[in-house]
Amino acid sequence: MIAAYRPGTSIVHRLPAGAKIVGLAMAGTFLFFVANVASLVVCLLAVLALYPLAGLSLRDALATLRPLFVILVILVLAHAWLNGWEVASGSGLRLAALVLFAGIVTLTSSASAMMGAIETGLSPLGRLGVDVEKISLALSLALRFIPMIAAVGAEVREAQRARGLDTSLVALAVPLIVRTLKMGEEIADAIDARGFGTTRKDGPDRST
Amino acid sequence: MIRFSGVSHRFGEREVLTPFSLELAERRIAVIGANGSGKSTFARLINGLLMPSAGQVWVDDLDTKSNGKAVRGLVGFVFQNPDNQIVYPVVEEDIAFGLKNLKVEKGEIAGRVAASLARFGLSHLAKEQAHRLSGGEKQMLAIAGVTITQPRYIVFDEPTTLLDLRNKRLVARTIDRLDETAIVITHDLDLIADFDRVLVFEEGRIDFDGAPRDAIARYLELMA
Ligand SMILES: Nc1ncnc2c1ncn2[C@@H]1O[C@H](COP(=O)(O)OP(=O)(O)O)[C@@H](O)[C@H]1O
Ligand SMILES: [Mg+2]
């Protein structure tokens, strides 16, 4: 669901990532207080207008919404049934606008820029004893390994298809989890070996 | 110098390295032997990723047990699968990781990363996503990420096993040119022909210790 970065030089691209993330948080808060359907339509259109401004097409906007489509439909139908059509269309519009805004942020900011911004944003928490360095490493690892785990998943599925097995969730999950755990062990060793956390105190000595 | 004195290692009940003592002072040392003979365990003892069940491992007179941090600084480690040791999504960020851990200043990091990219032929990939690199490029990135902190020793655990012939040769040439002392675990016998010393592991003990030719002969005998 994290839209991949599209490098570019538009004004939206050039905004600092931190500003865009703060903007997203503010838009989220603001949308929460807008209840009127007409105003929400205006908000949605305003967010949509950011796409061409960032050199992106409306098709990109649709692609951002697609993974959420089912959830969106369920949300709207449930609200319609429980609270009537006005509330239903309001929450549908609100969610769509928010997702589109998030899409703009991730499409126009590189992962490293976002991470840098999050790190800077979190750094005051360092004084309160929060290990900002660890949080930032965890975020980086997630970004680094999501494509890798996806690749492993594709590989496992292919191997099973080659053996004439139907793809079942269990058949996919078991080898995937086994390989991911094995991978995790080695990654932990590599992080240790490369001196993470050693300037604070001695790294974990994992004797067996 | 790396020194093992009365070292053995067990995982639970199983002794995977039987007691041995050894001094390593040569510039190029290879370790060969069957799968499961204890090579990786031996390698992990050198930089304190594992602590010996008995005995001591010394790196330049630092005991790995009491000086884990200093030892990690002295000994770099390159794993078989570079995928599992590249931790940052973007090439240049990954190279910077070791320097960030040492709290090197930002400006200095940028310069040293650029130099390292150039040294390992990765400059054109600086901003690339690490998962898009080829196997050989990933292994070069792994080596760049390890050498950047200027360790004195580098342990390679089967660095060429997953590579095609061209990339095997690229990595071999790269190891050959390193200033650092290299301890290389490998199944690639071509790689070690010019090494100063070769250890042959067999079922948890050092079966042979000597020149490449004799070591390879012994290894082939064991494999037969
Ligand atoms: N973390 C572990 N826990 C239990 N046994 C292990 C562990 N790591 C390795 N072993 C066992 O120790 C033996 C030596 O392994 P290893 O040092 O990896 O050999 P090599 O690198 O020569 O293939 C093998 O039999 C292996 O199964
Ligand atoms: Mg091994």
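The model shown is predicted, which means the values in this text are computed figures rather than measured ones.

**Side note on the interface of chain B and chain A**
Size of an interface, as often reported, equals the accessible area lost when the parts are brought together.
Stage number 1. In this assembly, 35 residues from chain B lie in contact with 32 residues from chain A.
Stage number 2. Summing the contributions of chain B and of chain A, the shared interface buries around 3,000 Å²; its carbon and sulfur component is 52%.
Stage number 3. The tally of links between chain B and chain A comes to two salt bridges.
Stage number 4. In this structure, the salt-bridge partner of Arg 44 of chain B is Asp 189 of chain A, at a minimum N-O distance of 3.2 Å.
Stage number 5. Put simply, chain B and chain A have four residue pairs in polar contact (both at pLDDT 80 or more) between them.
Stage number 6. Looking at the side of chain B that touches chain A, the elements that each hand over two or more residues are strand E1 (2–11), helix H2 (68–74) and helix H3 (91–101) of chain B.
Stage number 7. No other element matches H3 of chain B, which puts six residues into the side of chain B that touches chain A.

**Thoughts on the sheet that holds strand E5 (residues 62–63) of chain B**
Residue and element names in this part refer to chain B.
Stage number 1. Pairing is antiparallel across the open sheet formed by four strands, whose spatial order is E2-E1-E4-E5. The open sheet has two edge strands with one neighbour each: strand E2 (14–24) and E5.
Stage number 2. Strand direction decides the pairing type here: E1 and E2, joined by seven bridges, are antiparallel. By the bridge assignment, Ile 2 is partnered in E2 with Leu 24.
Stage number 3. In the packing of helix H1 (residues 39–46) onto the sheet, the strands contacted are E1, E2 and strand E4 (54–59), and the crossing angle to E1 comes to about 125°.

**Digging into the site of ligand 1**
Residues and elements named next belong to chain B.
Stage number 1. Taken together, the residues surrounding ligand 1 are Phe 11, Arg 14, Val 16, Ala 34, Asn 35, Gly 36, Ser 37, Gly 38, Lys 39, Ser 40 and Thr 41.
Stage number 2. One nitrogen or oxygen atom from the main chain of Ser 37 is found 3.2 Å from an oxygen atom belonging to ligand 1.
Stage number 3. Note that an oxygen atom of ligand 1 is positioned 3.1 Å from one of the backbone N or O atoms of Gly 38.
Stage number 4. Isolated, ligand 1 exposes 570 Å² of accessible area, and the fraction of that covered by the protein chains is 61%.
Stage number 5. At the level of secondary structure, the elements contributing two or more residues to the shell around ligand 1 comprise E2 and H1.
Stage number 6. The greatest single-element share of the shell around ligand 1, amounting to three residues, is contributed by H1.

Cut-off values and rules
Residues numbered from 1 in each chain as written. Chains lettered and ligands numbered in written order. Predicted model: local features only at pLDDT ≥ 70, side-chain atom pairs only at ≥ 80, totals over all residues. Heavy atoms only, no water. Contact = heavy atoms within 4.5 Å. Buried area = accessible area lost by both parts, 1.4 Å probe. Salt bridge = Lys/Arg side-chain N within 4 Å of Asp/Glu carboxyl O. Polar contact = N/O pair within 3.5 Å; in protein donor to acceptor, adjacent residues only side chain to side chain. Helix = DSSP H or I, 4+ residues; strand = E, 2+ residues; numbered from the N terminus. Pairing = 2+ DSSP bridges. Axes fitted to C-alpha atoms, helices over the stretch in contact; angles between N-to-C directions. Near = heavy atom within 4 Å. Areas by Shrake-Rupley, 256 points an atom, 1.4 Å probe, with all protein chains shown as cover.

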